[in-house]
Amino acid sequence: MFDLHTHHERCGHAAGTIEQYIESAISKGIQVLGITDHSPYFFADEDHPFPGLAMAKSEFARYVEEAVQLKEKYGDRIELLIGVESDIFKEHMVLYNQVYRGFPLDYVIGSIHFTSPSLILQGLDWSQASEEERMAEFRRFIELMQHAVQSDWVNIIGHMDRVHRGNPSFEDLYAPYIAPLLKTMAGRGAVLEVNTGGFRKSAKDWYPSINIIEQAYHYGVDVTFGSDAHDPLRVGDEWEEVRQTLEQIGYKRWVIFRQRRPYYLDIHS
């Protein structure tokens, strides 16, 4: 049992310390736990421009250092993997890659939360926006997703359809792009995360949708699991349900990462 997507108090909108997540994982029988808090806004002039969204730039080295220490402390009880959930901004792809290369990360989850550095904390209300605003937002989103799936420093694509999901017009626009994105992922070896929620709004709101997961299987895209827990109690949420669903779709294996290299686990065990 594993969970590759968790957060903690450094990001400003999650509860609990890294150690509390580890203790919770151990209590649930999880053998492998990934620590992946939100990346700082490395491009910003300020050290901590958005305290409620991500950690400060000055905290990133301490974050990794703490995870390394805990990896050693708990090494006989659980395998701890060190990662980060990284924002994807086309203007700063090189910068983020350079930063991550300087740390002993096992993997990077690439996720889209905002479509531009200038639009942070200005999320678009898709249901109320004008057609022009929706199309501009959608074009930015697709461009970022293309950067994510093509980038050799992104190991896992996080919550692939979370942005504006639930709005039929967005889903209709997105549908023709999904197969090409998945084909690119399969060719490069990028992995699709099945994410059971984070701050989800409904009890069965997995990301991506089952339709996308089935297409991923068709195109040969490997998958992994992440709870996106923002509270220690949620570590590993619905792991067994996801495992059974993937098995029914046809998956025989799923993936974890060590030192930026994929390792395959039998999905039946």
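These numbers were taken from a predicted model, which means no experiment stands behind them.

**Side note on the overall build of the protein**
Part 1 of the argument: When its secondary structure is counted, the protein shows seven helices and nine strands.
Part 2 of the argument: By the compact-globule yardstick of 18 Å for 269 residues, the protein fits well, its C-alpha radius of gyration being 18 Å.
Part 3 of the argument: When its C-alpha atoms are laid out on the principal axes, the protein stretches across 55 × 50 × 35 Å.
Part 4 of the argument: Within the protein, buried positions represent 54% of all 269 residues.
Part 5 of the argument: Relative to all contacts within the protein whose residues are 6 or more apart in sequence, the contacts with residues 24 or more apart total 74%.
Part 6 of the argument: Once the 26 positive and 40 negative side-chain charges of the protein are each reduced to a mean point, those two points are 4 Å apart.

**Description of the UniProt feature "domain: Polymerase/histidinol phosphatase N-terminal" (unreviewed entry) in the protein**
Part 1 of the argument: Here the UniProt feature "domain: Polymerase/histidinol phosphatase N-terminal" (unreviewed entry) sits at residues 2-90.
Part 2 of the argument: Secondary structure content for residues 2-90 is 27% helix and 17% strand, and the end C-alpha separation is 31 Å.

**Digging into the nonpolar core**
Part 1 of the argument: Tyr100, Met160 and Tyr174 are the most contacted members of the largest nonpolar core, which has 84 residues in total.
Part 2 of the argument: Per element, the largest residue contribution to this core is seven residues, and it comes from helix H4 (residues 131-150).

**A word on the pairing of strand S8 (residues 253-258)**
Each regular strand displays side chains that alternate between the two surfaces of the sheet.
Part 1 of the argument: Across six bridges, S8 lies against strand S9 (residues 261-266) in antiparallel orientation. Residue pairing across strands places Arg258 opposite Arg261, the latter belonging to S9.
Part 2 of the argument: Connecting the antiparallel pair S8 and S9 is a turn made up of two residues, with Gln259 showing a positive phi of about 50°.

**As for the pattern of salt bridges**
Part 1 of the argument: Here the structure, examined in full by the defined rule, presents 14 salt bridges.
Part 2 of the argument: With its nearest N and O atoms 2.8 Å apart, the salt bridge here joins Arg134 to Glu131. Here Glu131 and Arg134 lie together in helix H4, a separation of three residues that amounts to about one turn.
Part 3 of the argument: For Asp237, the salt bridge goes to Arg234, with nearest N and O atoms at 2.7 Å.

**Focus: the sheet that holds strand S2 (residues 32-35)**
Whether parallel or antiparallel, the strands of a sheet pair through hydrogen bonds between backbone atoms.
Part 1 of the argument: The parallel open sheet is built from seven strands, whose spatial order is S1-S2-S3-S4-S5-S6-S7. In this open sheet, the two strands that pair with only one neighbour each are strand S1 (2-3) and strand S7 (223-226).
Part 2 of the argument: Bridge count for S2 against strand S3 (residues 79-87) is four bridges, and the pairing is parallel. Bridging across to S3, Val32 finds its partner in Glu79.
Part 3 of the argument: Packing of helix H2 (residues 60-73) onto the sheet brings it into contact with S2 and S3, and relative to S3 it is tilted by some 160°.

**Structural notes on H2**
Part 1 of the argument: Compared with an ideal rise of 1.5 Å per residue, which puts 14 residues at 20 Å, H2 spans 20 Å between its outermost C-alpha atoms and is within 8% of the ideal.
Part 2 of the argument: Regarding H2, the residues found buried are Phe60, Tyr63, Val64, Ala67 and Leu70. For H2, the arc enclosing every buried residue in end-on projection is 125°, short of the 170-degree limit, so these residues lie on one face. In H2, the exposed residues that point more than 90 degrees away from the buried face are Glu72 and Lys73.

**Overview of the side chain of Ser116**
Part 1 of the argument: Relative to the helices and strands, Ser116 is located in the loop between strand S4 (107-111) and H4.
Part 2 of the argument: Under the relative-accessibility criterion, Ser116 is labelled buried at 11%.
Part 3 of the argument: For Ser116, the residues in contact, after removing those within four places along its chain, are Phe89, Glu91 and Arg140.

**Looking at helix H1 (residues 18-27)**
Side chains three or four residues apart in an α-helix point the same way, a direct result of the helix having 3.6 residues per turn.
Part 1 of the argument: Among the residues making up H1, those that are buried are Ile18, Tyr21, Ile22, Ser24 and Ala25. The arc that holds every buried residue of H1, seen down its axis, measures 165°, which confines them to one face.
Part 2 of the argument: Against the buried residues of H1 lie S2, H2 and S3.
Part 3 of the argument: Within two residues after H1, Gly29 carries a phi angle of roughly 80°, on the positive side.

**Remarks on the packing of H1 against H2**
Part 1 of the argument: Put simply, H1 and H2 touch, their axes get as near as 10 Å, and they point 35° apart. Judged by the twist between their axes, the crossing of H1 over H2 is right-handed. In this structure, H1 contributes Ile18, Glu19 and Ile22 to the contact, and H2 contributes Tyr63, Glu66, Leu70 and Lys73.
Part 2 of the argument: Its residues assigned to classes, the contact of H1 with H2 comprises four nonpolar, no polar and three charged.

About the thresholds
Residues numbered from 1 in each chain as written. Predicted model: local features only at pLDDT ≥ 70, side-chain atom pairs only at ≥ 80, totals over all residues. Heavy atoms only, no water. Helix = DSSP H or I, 4+ residues; strand = E, 2+ residues; numbered from the N terminus. Rg over C-alpha atoms; globule rule 2.2 N^0.38 Å. Buried < 20%, exposed > 50% of the residue type's maximum accessible area, 1.4 Å probe, protein only. Contact = heavy atoms within 4.5 Å. Lys, Arg positive; Asp, Glu negative; His and termini not counted. Charge placed at Lys NZ, Arg CZ, Asp CG, Glu CD. UniProt positions renumbered as here; feature names shortened; annotations may be inferred. Core = buried A, V, L, I, M, F, W, Y, C linked by side-chain atoms within 4.5 Å. Pairing = 2+ DSSP bridges. Salt bridge = Lys/Arg side-chain N within 4 Å of Asp/Glu carboxyl O. Axes fitted to C-alpha atoms, helices over the stretch in contact; angles between N-to-C directions. Expected span 1.5 Å × (residues − 1). Arc of directions from axis to C-beta. Left-handed = near helix turned anticlockwise from the far one by under 90°. Nonpolar A, V, L, I, M, F, W, Y, C, P; charged D, E, K, R; others polar.

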